[in-house]
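The lines below spell out each chain.
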There are 2 protein chains.
Amino acid sequence: MPDTLKNDLYLRALMREPTERTPVWVMRQAGRYLPEYLATRKRAGDFMTLCSTPELACEVTLQPLDRFNLDAAILFSDILTIPDAMGLGLRFEAGEGPIFDKPVRSRADIEALPVPDPSDELRYVTDAVSLIRRELNGRVPLIGFSGSPWTLAVYMVEGRGTKDFAKVKGLMFSEPDLMHQLLAKTTDAVIAYLNAQVAAGAQSLMVFDTWGGVLSPAAYREFSLAYMQRIVDGLTPEADGRRVPVVLFTKNGGAWLDAMADTGCDGLGVDWTTDLHDARKRTGDRVALQGNLDPSVLYGSPESIRTEVRRVLDSYGDGPGHVFNLGHGIHQHVNPDHLAVMVDAVREFSQKD
Amino acid sequence: MPDTLKNDLYLRALMREPTERTPVWVMRQAGRYLPEYLATRKRAGDFMTLCSTPELACEVTLQPLDRFNLDAAILFSDILTIPDAMGLGLRFEAGEGPIFDKPVRSRADIEALPVPDPSDELRYVTDAVSLIRRELNGRVPLIGFSGSPWTLAVYMVEGRGTKDFAKVKGLMFSEPDLMHQLLAKTTDAVIAYLNAQVAAGAQSLMVFDTWGGVLSPAAYREFSLAYMQRIVDGLTPEADGRRVPVVLFTKNGGAWLDAMADTGCDGLGVDWTTDLHDARKRTGDRVALQGNLDPSVLYGSPESIRTEVRRVLDSYGDGPGHVFNLGHGIHQHVNPDHLAVMVDAVREFSQKD
């Protein structure tokens, strides 16, 4: 790639190298809380058209960078692109969230699942990555991502949103071998998908394990973490002569941060229910930590936002390896001006003299 | 009370006294997964009539005891009885859950809130407790309960179910003093309510902190745990010449079990995301532990249910102080026969020779 990275704070922080201030980006920074996003989405017609049209995905990816002083861009896409490419028939219904018309339930369903070719069915994603990387022109690094195998399997088996995980846990407890077969296949797809994103220009990767935190410690290790380990082992380690750092994020996974760090990943996402000081102690400073302001702090007053930003920075303490972020995606009804208060406070409070 | 307790395993386990086997009961054991419950509820007409008619509340409280070998009964009621008695206008809408017509948002709202008199507006609850206690006739102990002040405040401020806790956290972050005023008043109401349940015959108490786990560690200590501490300090310690043990349960509160044990409570509920061995180590065996089978295990095969029951018993290990339970309420769509498999497995595997 011919571009020179003008701001590499994010990549350096993930490598635990010293930085002149704490880099900051925000999960779901391109999203429904931004009026400009809503306008593009309206133009696209529906959500999947927005995801699958590289020009539109690029447009919304860049929107938050034009508004806020952010230190990374993240590919605008959906975590369900892989099961969609496997032929499960993804659609979105208002008020319902994602629905798969052909959920995966039986041995035959699982055996019939193809591992999608990222250069074919998922070409629209890698095209978006290339385009965004070109348009960024070295402004900040570009993060690629995927859902974790367990998280994808939850959606694939349930077929729609769930509160009790009846079908996927029923399968997991009653037929663990079958569950492992599904997870192994999904893992192969995730590795190919993430490596294709790197080949197309992604400079860092993140694995979102949205549903790992609904498992018991033993089930988490066996059905989620083991497959994230395979992913970490299977990823392209470098691009453009530079490490492509990998961040794992298990929502409600605070208890397992040490085990997650053992995978050899570069960074861990931490939600706001774990104190960063504690997380740092438990991971023995082996990995960078990303987080962890409660997203609902942004519903508070500007003054309280600044107080809570300072609290998060203080909880991490001195030394390298912190990427500021929310502890989960930004909420839909947040006032964008409140995010600006947060981003500016991070820059102000973390600036080294 | 003239009754002699024929089965006091539950009370002894909470006092960490040796028991001949591990007692077992199930959160929401009287509930929608039971056809006999659905029949009574249909007869009642609506949910609040069921809660507020002592004869009906007694009937559904006893139903699971007639079906399963359980070691405790828990008062059938709702955690929102207190805000309802405060005049917030509770109603239930199909598919929506509880709604308060008059949510609490301002200083004036909070100052106007009365602390309900348990012998007046909440008389139907203590009447139900007395009736159930009489009907139990010493079969097993009766557990009374309340929501935690933070959990009640979430509903009181939001007015309905929420995913992002926008209003209650907005208040908490922006106007912490006001939030404390609301919590202090709610705590007074909870203490009076629980003590009235003890006076009416409850032999053990449980505080459900359903929403404590959505807070940061600092916010949890300040806005939830501090008020549960006041409750523990304010409760009637004994009835019928016997300790009335108190159990605190914060869902997703696994990281804070040691701080919860410091309150001086007798037992802690543990959800399935924390290993009981680990929980026991961290609480230094100062409290009994209640839990922690993943409720979704009951969606698996009978064989896998037995395997997972054994895993939970093994994770607690030897020694007194374990009450077997699910890690959260039983799910609505569980086959009741699967709960029988679980209960029988606990008895079989934990029986001392």
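For the structure, see preceding data.
What counts as what
Residues numbered from 1 in each chain as written. Chains lettered and ligands numbered in written order. Predicted model: local features only at pLDDT ≥ 70, side-chain atom pairs only at ≥ 80, totals over all residues. Helix = DSSP H or I, 4+ residues; strand = E, 2+ residues; numbered from the N terminus. Expected span 1.5 Å × (residues − 1). Buried ≥ 20, exposed ≤ 12 C-beta atoms within 10 Å, placed from the backbone. Arc of directions from axis to C-beta. Contact = placed C-beta atoms within 7 Å. Least-squares fit on C-alpha atoms with pLDDT ≥ 70 in both. Pairing = 2+ DSSP bridges. Axes fitted to C-alpha atoms, helices over the stretch in contact; angles between N-to-C directions.

### Some remarks on helix H15 (residues 336–350) of chain B
Residues and elements named next belong to chain B.
- Spanning 15 residues, H15 covers 21 Å between terminal C-alpha atoms, matching the ideal 21 Å at 1.5 Å per step.
- Within the span of H15, buried status applies to Leu 339, Met 342, Val 343, Ala 345 and Val 346. Buried positions in H15, seen along its axis, are confined to an arc of 160 degrees and lie on one side of it. The exposed residues of H15 that point more than 90 degrees off its buried face are Asp 337 and Glu 348.
- Summarising the contacts, the buried residues of H15 are in contact with strand S10 (288–293), helix H14 (302–316) and strand S11 (322–326).

### Focus on the relation of the copies chain A and chain B
- Expressed as a screw transformation, the operator carrying chain A onto chain B has a rotation angle of 180 degrees and an axial translation of 0.0 Å, and the superposed copies differ by an RMSD of 0.0 Å. The two molecules are tied by a two-fold rotation axis, judged by turn and shift. Using C-alpha coordinates, one finds that chain A approaches the rotation axis most closely at Ala 255 of chain A, a distance of 3.5 Å.
- Interface overlap between copies: 96% of the residues of chain A at the interface are likewise at the interface in chain B, consistent with a symmetric, same-surface contact.

### Digging into the sheet that holds strand S4 (residues 142–147) of chain A
Residue and element names in this part refer to chain A.
- Spatially, the seven strands line up as an open sheet ordered S1-S4-S5-S8-S9-S10-S11, and their pairing is parallel. Each edge of the sheet is formed by a strand with only one pairing partner; in this case those strands are strand S1 (73–74) and strand S11 (322–326).
- Direction of pairing for strand S5 (residues 204–209) relative to strand S8 (residues 246–250): parallel, over a ladder of five bridges. Residue Phe 208 lies in a different strand from S8, and its bridge partner there is Phe 249.
- Packing against the sheet, helix H10 (residues 176–200) makes contact with S4 and S5, and its axis sits at approximately 170 degrees to S4.

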